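Structural overview for review
The primary structure of each chain is shown beneath.
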Amino acid sequence: MLHSSLFDKTVQLAIDDHLLVLNSAADAFVPLAAQRIPVGELVLAEDNVAALRNAQKALQGDRHKIPRARHVPFHEYTLHEAPATMHVALMNILYQPGNAWVQYGLQLAAYALKPGG
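To keep things clear, this report deals only with the structure shown in the data block. (Residues numbered from 1 in each chain as written. Predicted model: local features only at pLDDT ≥ 70, side-chain atom pairs only at ≥ 80, totals over all residues. Heavy atoms only, no water.)

A closer look at the overall build of the chain
Let me state the cut-off plainly: The helix count covers DSSP runs of H or I at least four residues long, the strand count covers runs of E at least two residues long, and both are numbered beginning at the N terminus. Partly exposed describes any residue whose relative accessible area lies between the buried limit of under 20% and the exposed limit of over 50%, with all areas from a 1.4 Å probe on protein chains only and scaled to the type maximum. Between two residues, a contact is recorded if the distance between any of their heavy atoms is within 4.5 Å. Using a 1.4 Å probe, accessible areas were evaluated by the Shrake-Rupley method; residue-level cover was limited to the displayed protein chains.
Helix and strand counts for the chain stand at five helices and four strands. What you see in the chain, going N to C, is helices and strands ordered as α-β-α-β-α-β-α-β-α. Residues classed as buried in the chain amount to 38% of the 117 residues present. Partitioning the contacts of the chain with sequence separation of at least 6, the portion at a separation of at least 24 is 70%. Accessible surface for the chain amounts to roughly 6,600 Å². Of this, 56% is attributable to carbon and sulfur atoms.

Okay, structure coming up:
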């Protein structure tokens, strides 16, 4: 697994943010982000079931600091979720298998983010 502190150093979160993680649940930043948004919401838009299960295990470590966390399949997000509901969307391109996935992730972020997100 790749471990990067890039998100940790650059993504600013408020305690009540709604955070969308786009097909990057395996990123080491996910549990750290969850701790930073104790009254927010964490949505893992993930297609990789193994990565999702590992992230869910990590998030269950401390139930008192974990925000509302839920899963929506990456490629079904627009079918199940309303637009403009997220404050922050992040995607680690190191986990994406190709340019089409990254382009789809950018389109999904544009759909999901609130104005100014």
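Still more ground to cover, so stick around.
With respect to the packing of aromatic side chains
We count it as follows: Here a pair means two rings of Phe, Tyr or Trp (six-membered ring of Trp) with centres within 6.5 Å. Their orientation is stacked below 30 degrees between planes, edge-to-face above 60, and tilted elsewhere.
Counting across every chain of the model gives three aromatic pairs. The interplanar angle of 10 degrees and the centroid separation of 5.9 Å between the aromatic rings of Phe74 and Trp101 together place this pair among those described as stacked. Of this pair, Phe74 sits in the loop between strand S3 (68–72) and helix H4 (77–80) while Trp101 sits in helix H5 (residues 99–112), placing them 27 residues apart in sequence. Between the aromatic rings of Phe74 and Tyr104, the centroid separation amounts to 5.1 Å while the plane-to-plane angle is 85 degrees, which identifies the pairing as edge-to-face. On the criterion of sequence distance, the pair formed by Phe74 in the loop between S3 and H4 and Tyr104 in helix H5 is long-range, its members being 30 residues apart. For Phe74, a relative accessible area of 0% corresponds to the buried category. By way of ring pairs, the aromatic residues Phe74, Trp101 and Tyr104 are connected into one cluster.

Quick word on the environment of Lys57
Among the secondary structure elements, Lys57 is positioned in helix H3 (residues 49–59). The spacing of Lys57 and Pro31 is 26 residues in sequence and 9.8 Å in space, taken between C-alpha atoms.

What about the nonpolar core?
For clarity, the threshold we go by: By convention a nonpolar core is built from buried Ala, Val, Leu, Ile, Met, Phe, Trp, Tyr and Cys residues, the set being connected through side-chain atoms within 4.5 Å.
Counting residues in hydrophobic clusters, the biggest one holds 18 residues, and the most contacted among them are Leu13, Leu19, Val21, Phe29, Leu42 and Leu44. Here this core gets four residues from one element, more than from any other, and that element is helix H2 (residues 29–36). Core analysis: the second largest hydrophobic core is formed by twelve residues, Leu20, Val72, Phe74 and Met86 among them.

Details of H3
Rules: In this description, the arc belongs to the directions extending from the helix axis to the C-beta atoms. Polar contacts, as counted here, are pairs of nitrogen or oxygen atoms within 3.5 Å of one another; within protein the pair requires one atom able to donate a hydrogen and one able to accept it, and residues that are adjacent in sequence qualify only if both atoms are side-chain atoms.
Every buried residue of H3 is accounted for by Ala51, Leu52, Ala55 and Leu59. Along H3, the residues classed as buried sweep out an arc of 100 degrees about the axis, all on the same side. H3 presents Val49 and Lys57 as exposed residues on the side facing more than 90 degrees away from its buried surface. Check the buried side of H3 and you find it contacts H2, strand S2 (41–45) and S3. Capping the start of H3 is the job of one residue whose side-chain oxygen sits 3.0 Å from the backbone nitrogen of Ala50: Asn48.

Geometry only, nothing functional implied.
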